[in-house]
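Summary of structural features
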Amino acid sequence: MLEEGRRRRLPRIRARLHELYHGNSRRSVRFRLQVIALDFLLIGFFIAAPFLREYPAYLVIDSIAALILAADLAARALAHSSLKDWLRRPSVWIDIFVLVTLLFPLWLFNLAFLRVLRLWSLFHSDFFWETVGRRYDDTRWEDVAKTVATLVTFVFVATGFVYASFAREHPGIQGYLDALYFTMTALTTTGFGDITLPGAWGKLLTIIIMVSGITLFVRLAQALIRPYKVRFTCPTCGLMRHDHDAVHCKACGELINIPNDEA
């Protein structure tokens, strides 16, 4: 009887979670806004973590963050119609990796900086844009926000690599702030020269940061300046980007009917 009761209860729980995570009611939207607010608090903790590690409360906050993320992942898995499709998403594997680093903070200390990838996965998720960014979904501002999120994520990931590789082993990098300072000077190709990374790995890491910085800044400029193209898949050739007022596909000439709000 107990096992039968559990089997009956599970579909109801899944249906309720599906409504909360994917529904359009005010209650569902309010719930998702609360989840996103928690996401931003977690991301803030991940960014501030290098400055908090010396405090006794750090491991307590780390455990609370792991509990929140584990509950969110379990709820999302139950809310999704297909667990296999859900597991194929790159953002899910990023979140699972972040959870593992939270569960074993002492063992995976040198990989903790990769937790900030949660920022990238949040801004590249339909969950975020269907809730907070509904007015800007599939617009230029979605591309701009995603590009800025990618840039910020790269800054802190690169800073983490520099800190984990050279902190206290190189006289110029005594702490996380020094690593962040070096990353920003390399990323913007300012290159004051007061901190340089030694050895072949240091030179290679500096080159990667500089090239990536130029690429990301160019991508941001393109998102801000170039004419925006709407996402609409051509039924014939599959081209996904078109001018907002396009009548025919530029690739194959197929007649297309792009939905818009204009009369």
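Above this note sits the structure.
Residues numbered from 1 in each chain as written. Predicted model: local features only at pLDDT ≥ 70, side-chain atom pairs only at ≥ 80, totals over all residues. Heavy atoms only, no water.

1. Concerning the packing of aromatic side chains
Spelled out, the test is: Each Phe, Tyr or Trp ring (for Trp, its six-membered ring) is paired with any other whose centre lies within 6.5 Å, and the angle between the two planes then decides the class: stacked below 30 degrees, edge-to-face above 60, tilted in between. Here a strand is any run of E in DSSP of at least two residues, a helix any run of H or I of at least four, and the numbering for each starts at the N terminus. Lysine NZ or arginine CZ positioned within 6 Å of the ring centre and within 35 degrees of the ring normal marks a charge as sitting over the ring.
Under the defined criterion, the tally for this structure stands at ten aromatic pairs. For the pair Phe 40 and Phe 123, a centre-to-centre distance of 6.1 Å together with 75° between the ring planes defines the contact as edge-to-face. Residue Phe 40 is found in helix α2 (residues 26-52), and its partner Phe 123 is found in helix α6 (residues 117-123); the two are separated by 83 residues along the sequence. Between the aromatic rings of Phe 51 and Tyr 176, the centroid separation amounts to 5.3 Å while the plane-to-plane angle is 85°, which identifies the pairing as edge-to-face. You can see Phe 51 sitting in helix α2 and its partner Tyr 176 sitting in helix α9 (residues 176-187), a full 125 residues away along the chain. The rings of Phe 40, Phe 123, Phe 128 and Trp 129 are connected pair by pair, giving a single aromatic cluster. The positively charged end of Arg 76 is found above the aromatic ring belonging to Phe 127, 4.3 Å away from the centroid.

2. Some details on the pattern of salt bridges
Defined as follows: Put simply, a salt bridge is a Lys or Arg side-chain nitrogen that is within 4 Å of an Asp or Glu carboxyl oxygen. Each residue's exposure class comes from its accessible area (1.4 Å probe, protein chains only) as a fraction of the maximum for that residue type: buried when under 20%, exposed when over 50%, partly exposed otherwise.
Summed over the entire model, instances satisfying the criterion amount to seven salt bridges. In this structure, Asp 62 and Arg 115 form a salt bridge, with 3.0 Å as the shortest nitrogen-oxygen distance. Taken as a pair, Asp 62 in helix α3 (residues 58-79) and Arg 115 in the loop between α5 (90-103) and α6 lie far apart in primary sequence, 53 residues in all. Side by side, Asp 62 and Arg 115 carry an identical accessibility label, which is buried. Residue Asp 72 is joined to Arg 118 by a salt bridge in which the shortest nitrogen-to-oxygen separation is 3.4 Å. Taken as a pair, Asp 72 in helix α3 and Arg 118 in helix α6 lie far apart in primary sequence, 46 residues in all. Residue class for Asp 72 comes out buried when judged on its relative accessible area of 9%. Overlapping salt bridges, with partners in common, bring together Asp 39, Asp 72, Arg 76, Asp 95 and Arg 118 in one network.

Everything listed here is a matter of coordinates, which is why it stays silent on function.
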